[in-house]
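# Chains, contacts and geometry: an overview
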Amino acid sequence: MACVPDAKDVAGIPGLGSSSALGVTGVIGHPGAVEALASSAVCLLVGTRLPVMARAGLDDVLTPSRTYSIGSAAPYLPCTHVQTEDLRESLTQLTRALTGHGRPLGVRVPDRVPHTELAPPRCADDGIRYREAMAELDRVLPDGANIVVDAGNTGAAAVHYLPVRRDGRFVVALGMGGMGYSFGAGIGMAFARPRERTVIISGDGSFYMHGLELHTAIQYRLPVTVVLFNNNAHAMCVTREQLYYRDLYSYNRFTPSRLGAGLAAMFPGLVSTDVTDIDRLPAALATAMHTDGPAVVSVECSADEIPPFVPFLTAIHAAAQECQPPCQPTEQEDTINVPASA
């Protein structure tokens, strides 16, 4: 079993023998999911229409003759679809039909399903790497923690690298959610699930959109930890323009900020800090997770680190095949207070 990115928390808890060991599909998906599907006789889509963000890389192996679907809406690709308005009951019936007399016994998920990850190029800039930060988050987040992931490079890294917590939710909006949605969504989740910690994972660009909704969490002392990845940029836009538009930039780098210190000054009593070194991150995260009320950890990272995002990695590979030099920030791109260019 693999899952689409916005269904990580319904596909099973990660680990050996887990139903979700293959990871996620699509533009921030795990290569092993594509390999497993290519070698399978049948693919069953459960409750997903498989939109482009979740389907990237699968079109060549999802042939109409061996792709089946069950759910309330037909997928966006040709297949045999079974309509149902009660997926729980339909899956129960399907399970019953696949068990019993004449059916194999003791069938289970293999203990060692290969778990593969995308391999972005190494970033030599200062700052904490996405993979390292998500590994530290994985170590500190307890069972039951709810995770709300925002858009951009940060969101891609969290969906690709960070496992779901047992009995917790993992929410990401790849469609109409958009930048900054995680603050309202995470605060709403904290109101609905006040016994568990809610962790909002966002970039600084998303914070500038709607991050001051944090005031509501402070007012009601909600159990919310905000982990901000601050690269002083709309970094996914920076990378996209470098890869696809070469030297035509629209000025997506920001003047430097210290979001942790700024929020601590703005809201007296708020536990909020900036972390520039990976060795300091575990203690900062532990403090933020055990604070009575909201807490913020701002993680300093690089706008030029490539996230685990298939279109970017494909473009980089194509450029390498053509022996094109890698794109570098230009003087114009770093200029401050200039009109955006088309």
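Residues numbered from 1 in each chain as written. Predicted model: local features only at pLDDT ≥ 70, side-chain atom pairs only at ≥ 80, totals over all residues. Heavy atoms only, no water.

## Let's talk about the confidence of the model for the protein chain
Per-residue confidence for the protein chain averages 88 on the pLDDT scale, and 87% of its residues sit at or above 70. Note that residues 335–342 has pLDDT below 50 and, in this model, 9 contacts with residues that lie over four places away or in other chains. (pLDDT = per-residue confidence, 0-100. Contact = heavy atoms within 4.5 Å.)

## A short note on the packing of aromatic side chains
Going through the model one piece at a time under the given rule, you end up with 7 aromatic pairs. With a centroid separation of 6.1 Å and an interplanar angle of 45 degrees, the aromatic rings of Y130 and F229 are classed as tilted. Taken together, the residues Y130 in helix α4 (residues 130–140) and F229 in strand β7 (residues 224–230) connect sequence positions 99 residues apart. F229 carries the same exposure label as Y130, and that label is buried. Through a chain of ring-to-ring contacts, the aromatic side chains of F183, F207, Y208 and F254 assemble into a single cluster. Here the basic side chain of K8 rests over the ring of F170, its NZ or CZ set 4.4 Å away from the ring centre. (Phe/Tyr/Trp six-rings, centres within 6.5 Å; stacked < 30°, edge-to-face > 60°. Helix = DSSP H or I, 4+ residues; strand = E, 2+ residues; numbered from the N terminus. Buried < 20%, exposed > 50% of the residue type's maximum accessible area, 1.4 Å probe, protein only. Lys NZ or Arg CZ within 6 Å of the ring centre and 35° of its normal.)

## Examining helix α6 (residues 181–192)
Helix length check: α6 (12 residues) gives 17 Å between terminal C-alpha atoms against 16 Å at 1.5 Å per residue, within 8%. If you check which residues of α6 are buried, you get Y181, S182, F183, G186, I187, M189 and A190. (Expected span 1.5 Å × (residues − 1).)

## A closer look at the environment of A264
Position of A264 relative to the elements: it lies in helix α10 (residues 259–266). Looking at A264, the relative accessible area reads 27%, which means it is partly exposed. In sequence terms A264 and D274 are 10 residues apart; their C-alpha atoms lie 10.0 Å from each other. Ignoring any residue separated from it by four or fewer positions in sequence, one finds A264 in contact with L270 and S272.

## Observations regarding the packing of α4 against helix α5 (residues 152–161)
Remark: α4 packs on α5, axes separated minimally by 10 Å, with the N-to-C direction vectors making an angle of 55 degrees. Considered as vectors, α4 and α5 are oriented oblique to each other. As α4 packs across α5, the resulting crossing turns out to be right-handed. Where α4 approaches α5, its residues Y130, R131 and M134 are matched on the opposing element by N153, T154, A157, A158 and Y161. For the contact of α4 with α5, the class distribution of residues is 5 nonpolar, 2 polar and 1 charged. (Axes fitted to C-alpha atoms, helices over the stretch in contact; angles between N-to-C directions. Parallel < 35°, antiparallel > 145°, perpendicular 65-115°, else oblique. Left-handed = near helix turned anticlockwise from the far one by under 90°. Nonpolar A, V, L, I, M, F, W, Y, C, P; charged D, E, K, R; others polar.)

## Description of the sheet that holds strand β2 (residues 67–71)
Sheet architecture is open: 3 strands sit in the order β1-β2-β3, paired in parallel fashion. Two strands in the sheet have a free side with no partner beyond their single neighbour: β1 (43–46) and β3 (80–83). Taken pair by pair, the neighbouring strands of this sheet meet at an average axis angle of 15 degrees, ignoring direction. With 4 bridges connecting them, β2 and β3 associate as parallel partners. Its bridge partner lying in β3, I70 is registered against V82. (Pairing = 2+ DSSP bridges.)

## Here's the deal with the side chain of R55
Mapped onto the elements, R55 comes out in helix α2 (residues 52–55). Within the local environment of R55, its side chain forms a polar contact with the backbone oxygen of L50, the two atoms lying 2.8 Å apart. (Polar contact = N/O pair within 3.5 Å; in protein donor to acceptor, adjacent residues only side chain to side chain.)

## A look at α4
Listing the buried residues of α4 in full gives Y130, A133, M134, E136, L137 and V140. Down the axis of α4, the buried set is contained in an arc of 160 degrees. They therefore lie on one face. Buried positions along α4 lie against α5, β6 (198–203), β7 and α11 (281–289). (Arc of directions from axis to C-beta.)

## Considering the pattern of salt bridges
In total, this model carries 10 salt bridges according to the counting rule given. For the salt bridge of R129 with E305, the shortest nitrogen-to-oxygen distance reads 3.2 Å. Placement of R129 in the loop between α3 (87–97) and α4 and of E305 in the loop between β9 (295–300) and α12 (310–321) is noted, with a sequence separation of 176 residues between them. Accessibility classification places R129 together with E305 in one group, the buried group. Close ionic contact of D304 with R253 constitutes a salt bridge, the shortest N to O distance being 2.7 Å. With D304 in the loop between β9 and α12 and R253 in the loop between α9 (235–244) and α10, the pair connects residues that are 51 residues apart, well separated along the chain. For D304, a relative accessible area of 25% translates into the label partly exposed. (Salt bridge = Lys/Arg side-chain N within 4 Å of Asp/Glu carboxyl O.)

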